[in-house]
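# Observations on the model geometry
Here is what each chain is made of, one letter per residue.
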Amino acid sequence: LSVLVTDAFMAAVRDDTPWDLVFAGKVYKTVSARGLWEKLMRATYDYAEPGVIFIDRVNAQNNLSYCETIAATNPCGEQPLPPYGACLLGSINLAALVRDPFTDRATLDMTLLQERVTSAVRFLDNVIDISLYPLKAQAEEARAKRRIGLGITGLADALIFVGLRYGSQEARGMASSWMAAIQNAAYKASALLAAEKGAFPLYDAAAFLAAPNVARLDPQVRALITEHGIRNGCLTSIAPTGTISLLAG
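Residues numbered from 1 in each chain as written. Predicted model: local features only at pLDDT ≥ 70, side-chain atom pairs only at ≥ 80, totals over all residues. Heavy atoms only, no water.

The next point concerns the overall build of the protein. Looking only at helices and strands, one finds 11 helices and 10 strands in the protein. Overall, the C-alpha framework of the protein stretches about 55 × 45 × 35 Å when taken along its three principal axes. In the protein, which comprises 249 residues, the share counted as buried stands at 39%. Partitioning the intrachain contacts of the protein with sequence separation of at least 6 by distance along the chain shows that 66% fall at a separation of at least 24. (Helix = DSSP H or I, 4+ residues; strand = E, 2+ residues; numbered from the N terminus. Buried < 20%, exposed > 50% of the residue type's maximum accessible area, 1.4 Å probe, protein only. Contact = heavy atoms within 4.5 Å.)

On to the packing of aromatic side chains, then. A complete count under the given rule lists six aromatic pairs for this structure. Taken together, the aromatic side chains of Phe9, Trp19 and Trp37 make up a single cluster linked through ring pairs. (Phe/Tyr/Trp six-rings, centres within 6.5 Å; stacked < 30°, edge-to-face > 60°.)

A few words now on the nonpolar core. Looking at soluble globular proteins, one finds that nonpolar side chains tend to be buried together. Judged by nonpolar contacts, the single largest core of 51 residues is most densely connected at Leu94, Leu113, Val117, Val121, Leu150, Tyr187 and Ile225. Here this core takes 10 residues from helix H7 (residues 169-197), the largest share from any one element. Ignoring anything within four residues of it in the chain, the contact list for Leu113 reads Ile92, Leu94, Leu97, Leu108, Trp178, Ala181 and Ile182. Formed by eight residues, the second largest nonpolar core is a distinct cluster that contains Val5, Phe9, Met10 and Ala33. (Core = buried A, V, L, I, M, F, W, Y, C linked by side-chain atoms within 4.5 Å.)

Below, the discussion takes up the pairing of strand S7 (residues 89-93). Residues Gly90 and Ile92 of S7 are buried on one face, while the alternating residues Leu89, Ser91 and Asn93, pointing to the opposite face, are not. Pairing between S7 and strand S10 (residues 149-153): five bridges, direction parallel. Bridge pairing links Leu89 to Gly149 in S10. (Pairing = 2+ DSSP bridges.)

For the structure shown, the criterion picks out 11 salt bridges. Asp100 is the salt-bridge partner of Arg105, the closest N and O atoms lying 3.7 Å from each other. Note on Arg105: relative accessible area 56%, which makes it exposed. (Salt bridge = Lys/Arg side-chain N within 4 Å of Asp/Glu carboxyl O.)

Examined against the element boundaries, Ser168 turns out to sit in the loop between helix H6 (155-161) and H7. Within the local environment of Ser168, its side chain forms a polar contact with the backbone nitrogen of Ala171, the two atoms lying 3.1 Å apart. (Polar contact = N/O pair within 3.5 Å; in protein donor to acceptor, adjacent residues only side chain to side chain.)

This brings us to the pairing of strand S2 (residues 18-23). Two elements, S2 and strand S3 (residues 26-32), share six bridges in a ladder whose sense is antiparallel. The partner of Phe23 across the bridge, within S3, is Lys26. Counting the residues that bridge the hairpin from S2 to S3 gives two residues, and of these Ala24 lies at a positive phi of roughly 55°.

If you check helix H4 (residues 110-130), its first and last C-alpha atoms are 30 Å apart, about what 21 residues at 1.5 Å a residue would give, namely 30 Å. In the core, the buried residues of H4 are packed alongside S7, strand S8 (98-99), strand S9 (107-108), helix H5 (136-145), S10 and H7. Regarding H4, its N-cap is Asp109, as a side-chain oxygen of that residue lies 3.2 Å from the backbone nitrogen of Thr111 further along. (Expected span 1.5 Å × (residues − 1).)

This paragraph deals with helix H10 (residues 219-228). Where H10 is concerned, the buried positions are Val221, Leu224 and Ile225. Projection of H10 onto a plane perpendicular to its axis shows the buried side chains occupying an angular sector of 100°, all on one side. Opposite its buried face, H10 presents the exposed residues Pro219, Gln220, Thr226 and Glu227, each directed more than 90 degrees away. Residues of H10 that are buried make contact with H7, helix H8 (205-209) and helix H9 (212-215). Positive backbone phi, approximately 80°, marks Gly229, located one or two places after H10. (Arc of directions from axis to C-beta.)

Packing of H7 against H10 brings their axes to within 9 Å, and their N-to-C directions diverge by 20°. Judged on the interaxial angle alone, H10 and H7 are roughly parallel. Seen from above, H7 lies across H10 with left-handed handedness. Contacts between H7 and H10 involve Asn184, Tyr187, Lys188, Ala191, Leu192, Ala194 and Ala195 from the first element and Val221, Leu224, Ile225 and His228 from the second. (Axes fitted to C-alpha atoms, helices over the stretch in contact; angles between N-to-C directions. Parallel < 35°, antiparallel > 145°, perpendicular 65-115°, else oblique. Left-handed = near helix turned anticlockwise from the far one by under 90°.)

Set out below in structure tokens:
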């Protein structure tokens with residue numbers, strides 16, 4: 001389970017003000033916002049449920065906010081999705097890309113990383129077209145926006161291989177640089193796919209390029225998107241990989 005938490009609710013928590021519990025326009029109860037937040041946090045600490053989704057942040061950061069509003073995730077919580085959205089995930093195994101692990105020369109092969117990302121984007125994009133969707137609305141939604149969710153697995157192992165303690169400032173910096181490379185490589189691959197196969201049907205150049213995630217891309221990647229459009233409306237998701245990491249060894 002996850003609870004959708006709005007910016008207004010967090011402001012009420014900070015200010016320690018009352019909060020109305022509303023459904024379909026009707027106020028059913030008024031509670032202490034801070035008290036409710038503390039109950040959520042205690043339950044999460046004791047039972048690992050419920051999760052918290054900062055839904056206003058999700059919508060503000062969404063590449064496709066100009067054509068959809070997100071109100072939930074898929075059932076397992078890996079990816080925020082619009083109505084009839086499909087969860088299409090893939091992961092790059094970072095641990096397999098470290099050269100000379102446990103030595104002073106240990107490094108993640110960035111060239112190979114970019115090659116893997118390029119292959120993964122094409123692979124996931126193809127999955128959109130060959131999938132058998134239970135509902136027609138799901139197929140239409142998937143193909144109108146061509147959303148994929150490329151992520152990572154093996155992060156902790158990769159950091160250990162290059163001599164960094166998981167959670168340290170240095171490890172966070174390294175993970176950030178790896179993820180930036182993945183993001184830029186994914187958007188580049190999708191722009192080149194658009195040159196080959198066309199942009200996703202609901203692509204709006206001005207609105208897409210103004211999205212926060214797109215604004216942070218390297219200039220050369222943004223230039224490719226400006227020139228060709230982009231094949232996939234959303235590209236990256238950092239989903240849990242406990243099960244698939246076992247498959248990856």
